[in-house]
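# Structural features, examined
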Amino acid sequence: MANQPKYKPLRPSPFFDDGQSARPLVEGTVARGNLRDDMLLYTGKVRATSTPAPQAITAGTSLPPRVNPPMPAAPKPGGRIGPEYANVFPFPITLDLLDRGQERFNIYCSPCHGRVGGGEGMIVKRGYRQPPSFHIDRLRAAPVGYFFDVISNGFGAMPDYATQISPPDRWAVIAYLRALQLSQSIKVDELAPAERRKLESGVQK
């Protein structure tokens, strides 16, 4: 059995008319658990139209209604075609989701970006190229779909993390990232009274 006739993957074969040893996937079939028919969840994008984009999530606002319109057959006059980065999350943001996002962020993101997203992670201190801080105006204003795209496909010196971080976990990381951005830019008078008293007394909990 250790020495039997067989074809190794991708080796040519005279067995089939096309000269290949393996058969292509049957058209229209999808592997179990891999039907990615939700554009927002799996790409961070929504189909563009001529209507205004949904607003980004900011402090003190509830989660906007989900916007994931179906792909139009043809653009309307004056409209745009092609996907656009989403400014909404595909599911509600909960405390458990933020905890999960913090865990994934600390594992996969903090080595470069640092624990608070300032771009001064441990491997940057060892000579790796420094990423921009998440707290600059450009990235505070970036839609959440942009971050999803970068995590999925990489950008510049950053490799993609599509294998390491599942799509739901990517959204959890982005939710935590938004919390980080808020934590570094919130004003004292916007804090809850109890948190303001902690800050004024110098007590950290």
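Here the structure is a predicted model, which means the values were calculated and not measured.

## Re the packing of helix H5 (residues 144-153) against helix H6 (residues 167-185)
Interhelical geometry of H5 versus H6 gives an angle of 125° and a closest axis separation of 10 Å. Taken together, the axes of H5 and H6 are oblique relative to one another. The handedness of the crossing between H5 and H6 comes out as right-handed. Contacts between H5 and H6 involve Val144, Gly145, Phe147, Phe148, Ile151 and Ser152 from the first element and Pro167, Arg170, Trp171, Val173, Ile174, Leu177, Arg178 and Gln181 from the second. Looking at the contact of H5 with H6 residue by residue, the class counts come to nine nonpolar, three polar and two charged.

## Digging into the packing of aromatic side chains
Under the criterion given, the structure shown has nine aromatic pairs. Aromatic pair Phe15 and Phe16: ring centres 5.0 Å apart, planes at 85°, arrangement edge-to-face. An aromatic cluster is defined as three or more aromatic residues linked by ring pairs; in this entry it consists of Tyr85, Phe105, Phe134, Tyr146, Phe147 and Tyr176.

## Observations regarding the nonpolar core
Membership of the largest hydrophobic core comes to 28 residues, with the highest contact counts inside it found for Phe105, Phe147, Trp171 and Ile174. Every element with two or more residues in this core is listed here: helix H1 (39-43), helix H2 (95-113), H5 and H6. If one sorts the elements of this core by residue count, H6 sits on top with eight residues. When sequence neighbours within four positions are dropped, the list of residues in contact with Phe147 reads Phe134, Leu139, Ala142, Ile174, Leu177, Arg178 and Gln181.

## Section: unusual backbone geometry
Excluding glycine, most residues fall at negative phi; most peptide bonds, likewise, are trans. The phi torsion at Leu10 lies on the positive side, around 70°, for a residue other than glycine. The exposure class of Leu10 is exposed, given its relative accessible area of 77%.

## Description of a nonpolar patch on the surface
On the surface, Met122, Ile123 and Tyr128 cluster together to form a nonpolar patch covering roughly 270 Å² of accessible area. In this structure, Tyr128 sits in the loop between helix H3 (122-125) and helix H4 (137-140).

## So, the pattern of salt bridges
Taken as a whole and assessed by the stated rule, the structure comprises six salt bridges. Here Arg23 ties to Asp18 by a salt bridge, and the two come within 2.8 Å at their closest N and O atoms. The partly exposed category is assigned to Arg23, whose relative accessible area is 42%. Between Glu103 and Arg104 there is a salt bridge, with its nearest N and O atoms 3.2 Å apart. Taking relative accessible area as the criterion, Arg104 reaches 14% and is therefore assigned buried. Where salt bridges share partners, they join Arg100, Glu103, Arg104 and Asp169 into one cluster.

## Details of the environment of Val144
With respect to the helices and strands, Val144 occurs in helix H5. With near-sequence residues (within four places) excluded, Val144 lies in contact with Ala86, Asn87, Val88, Phe89, Trp171, Ile174 and Arg178.

## So, the confidence of the model for the protein
Per-residue pLDDT for the protein averages 82, and the proportion of residues at 70 or more is 82%. Mean pLDDT across the elements of the protein bottoms out in helix H7 (residues 193-201) (83) and peaks in H2 (97). For residues 50-80, every residue scores under 50 in pLDDT, and the model assigns this stretch 39 contacts once sequence neighbours within four places are set aside.

What counts as what
- Residues numbered from 1 in each chain as written.
- Predicted model: local features only at pLDDT ≥ 70, side-chain atom pairs only at ≥ 80, totals over all residues.
- Heavy atoms only, no water.
- Axes fitted to C-alpha atoms, helices over the stretch in contact; angles between N-to-C directions.
- Helix = DSSP H or I, 4+ residues; strand = E, 2+ residues; numbered from the N terminus.
- Parallel < 35°, antiparallel > 145°, perpendicular 65-115°, else oblique.
- Left-handed = near helix turned anticlockwise from the far one by under 90°.
- Contact = heavy atoms within 4.5 Å.
- Nonpolar A, V, L, I, M, F, W, Y, C, P; charged D, E, K, R; others polar.
- Phe/Tyr/Trp six-rings, centres within 6.5 Å; stacked < 30°, edge-to-face > 60°.
- Core = buried A, V, L, I, M, F, W, Y, C linked by side-chain atoms within 4.5 Å.
- Buried < 20%, exposed > 50% of the residue type's maximum accessible area, 1.4 Å probe, protein only.
- Patch = residues over 30% accessible without salt bridge, like charges linked within 9 Å, V, L, I, M, F, W, Y side chains within 5 Å.
- Areas by Shrake-Rupley, 256 points an atom, 1.4 Å probe, with all protein chains shown as cover.
- Salt bridge = Lys/Arg side-chain N within 4 Å of Asp/Glu carboxyl O.
- pLDDT = per-residue confidence, 0-100.

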